[in-house]
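The primary structure of each chain is shown beneath.
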Amino acid sequence: MLNKENTQKRFWEIIKVHYEKECYTDALKDACLYMIQLVQEKSDTENMDGEKLITNVFSEAKPKLLINANQTMTEKDIQRGFGMILRGIICAIRNPISHKRDVEFTKEEADSILMFLNSYIIPKLDDSKDFGYVENWYEYIFVDGEEDSESYSKTLLDCIPK
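Parameters at a glance
Residues numbered from 1 in each chain as written. Predicted model: local features only at pLDDT ≥ 70, side-chain atom pairs only at ≥ 80, totals over all residues. Heavy atoms only, no water. Salt bridge = Lys/Arg side-chain N within 4 Å of Asp/Glu carboxyl O. Helix = DSSP H or I, 4+ residues; strand = E, 2+ residues; numbered from the N terminus. Buried < 20%, exposed > 50% of the residue type's maximum accessible area, 1.4 Å probe, protein only. Contact = heavy atoms within 4.5 Å. Phe/Tyr/Trp six-rings, centres within 6.5 Å; stacked < 30°, edge-to-face > 60°. Axes fitted to C-alpha atoms, helices over the stretch in contact; angles between N-to-C directions. Parallel < 35°, antiparallel > 145°, perpendicular 65-115°, else oblique. Left-handed = near helix turned anticlockwise from the far one by under 90°. Nonpolar A, V, L, I, M, F, W, Y, C, P; charged D, E, K, R; others polar. Arc of directions from axis to C-beta. Core = buried A, V, L, I, M, F, W, Y, C linked by side-chain atoms within 4.5 Å.

Colleague: In this structure, what is going on with the pattern of salt bridges? I would like to understand it.
Modeller: When charged atoms on two side chains of opposite charge get close, those side chains can pair. Summed over the entire model, instances satisfying the criterion amount to four salt bridges. Note that Asp-77 and Arg-80 form a salt bridge whose closest N and O atoms lie 3.5 Å from each other. One end of the pair is Asp-77 and the other is Arg-80, both in helix 4 (residues 73-99) and three residues apart, which spans about a single turn. Its relative accessible area of 31% is what places Arg-80 among the partly exposed residues. Two residues, Lys-107 and Asp-111, come together in a salt bridge whose shortest N-O distance is 2.8 Å.

Below, the structure is given as structure tokens:
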């Protein structure tokens, strides 16, 4: 059974009202919206939502959030898989709840999904890092108006291992 003792305090506060009223589908919707909000805030992409947001933020080519170092094949697999899980949550849970009135989850289904979100997804998002790309650093080291600043900035960037 899901309760405030076995969930993160912040997560429980998000789902508590609907969960305690036994509106399990609405509690799931609350949890999914919280997950999306967390991704938006951590990746600075408040203008995107849903599957498009997740696809953009967890892109294999240029992820905006990293849940690990994303260097080894295993880390890359975990990173890619995490994005797939989030897309699955959006497509299989959040979207049907939001767009169809007849979608209902049982208490058992909701408990399983909510516990997974609480114990795996949300902590990974909390610990994720915004990935800064070297090409984005130029604006921070370029000093406008300084002679040779542009060539110095480019030289510094070229020295950073890729």
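Colleague: Is there a simple way to explain the side chain of Asn-70 in this structure?
Modeller: Residue placement: Asn-70 occurs in the loop between strand 1 (65-66) and helix 4. Residues in contact with Asn-70, not counting those within four places in the same chain, are Pro-63, Glu-75, Lys-76 and Gln-79.

Colleague: Help me understand the environment of Glu-22, please; the structure alone is not making it clear to me.
Modeller: When you line up the elements, Glu-22 lands in the loop between helix 1 (9-20) and helix 2 (24-43). For Glu-22, a relative accessible area of 57% gives the class exposed. When the C-alpha atoms of Glu-22 and Lys-107 are compared, they prove to be 7.8 Å apart, with 85 residues separating the residues in sequence.

Colleague: Sorry if this is basic, but what is going on with the packing of aromatic side chains here?
Modeller: Aromatic rings considered in pairs are described by the distance between their centres and by the relative angle of their planes. The full count for this structure, using the stated rule, is five aromatic pairs. A ring pair is formed by Tyr-19 and Tyr-24, whose centres lie 5.1 Å apart and whose planes are at 70°; its orientation type is edge-to-face. What links up through ring pairs into an aromatic cluster is the set Phe-58, Phe-82, Phe-116 and Tyr-120.

Colleague: How should the side chain of Asp-111 be read in this particular structure?
Modeller: Within the secondary structure, Asp-111 sits in helix 5 (residues 107-127). Apart from residues no more than four positions distant in its own chain, Asp-111 is found in contact with Met-1, Leu-2 and Tyr-19.

Colleague: Just checking my understanding: could you explain the packing of helix 2 against helix 5 for this structure?
Modeller: Two quantities define a packed helix pair, namely the angle between the helix axes and the distance between the axes. In the contact formed by helix 2 and helix 5, the axes pass within 10 Å of each other and the chain directions differ by 10°. Classified by the angle their axes make, helix 2 and helix 5 are roughly parallel. Remark: the crossing between helix 2 and helix 5 carries left-handed chirality. Taking contact as the criterion, the partners of Tyr-24, Ala-27, Leu-28, Ala-31, Tyr-34, Met-35, Leu-38, Val-39 and Lys-42 in helix 2 are, on helix 5, Lys-107, Ala-110, Ile-113, Leu-114, Leu-117, Ile-121, Ile-122, Leu-125, Asp-126 and Asp-127. Class assignment of the residues belonging to the contact of helix 2 with helix 5 gives a composition of 15 nonpolar, no polar and four charged.

Colleague: Before we go on, may I ask you to explain helix 3 (residues 50-57) in this structure?
Modeller: The α-helix advances 3.6 residues per turn, and as a result positions three or four apart in sequence lie on the same side. Looking only at helix 3, the buried set comprises Gly-50, Leu-53, Ile-54 and Val-57. One side of helix 3 holds all its buried residues, which, seen down the axis, span an arc of 95°. Elements that come into contact with the buried residues of helix 3 comprise helix 2, strand 1 and helix 4.

Colleague: Can you help me understand the nonpolar core in this one?
Modeller: Where a protein is soluble and globular, its nonpolar side chains tend to be buried together. Core analysis: the largest hydrophobic core is formed by 37 residues, its most contacted members being Met-35, Val-39, Phe-58, Leu-86, Leu-114 and Leu-125. Breaking this core down by element, the ones donating at least two residues are helix 1, helix 2, helix 3, helix 4 and helix 5. The biggest single contributor to this core is helix 2, with 10 residues. Apart from the residues within four sequence positions on either side, Met-35 is in contact with Leu-86, Ile-89, Ile-90, Leu-117, Ile-121, Ile-122 and Leu-125.

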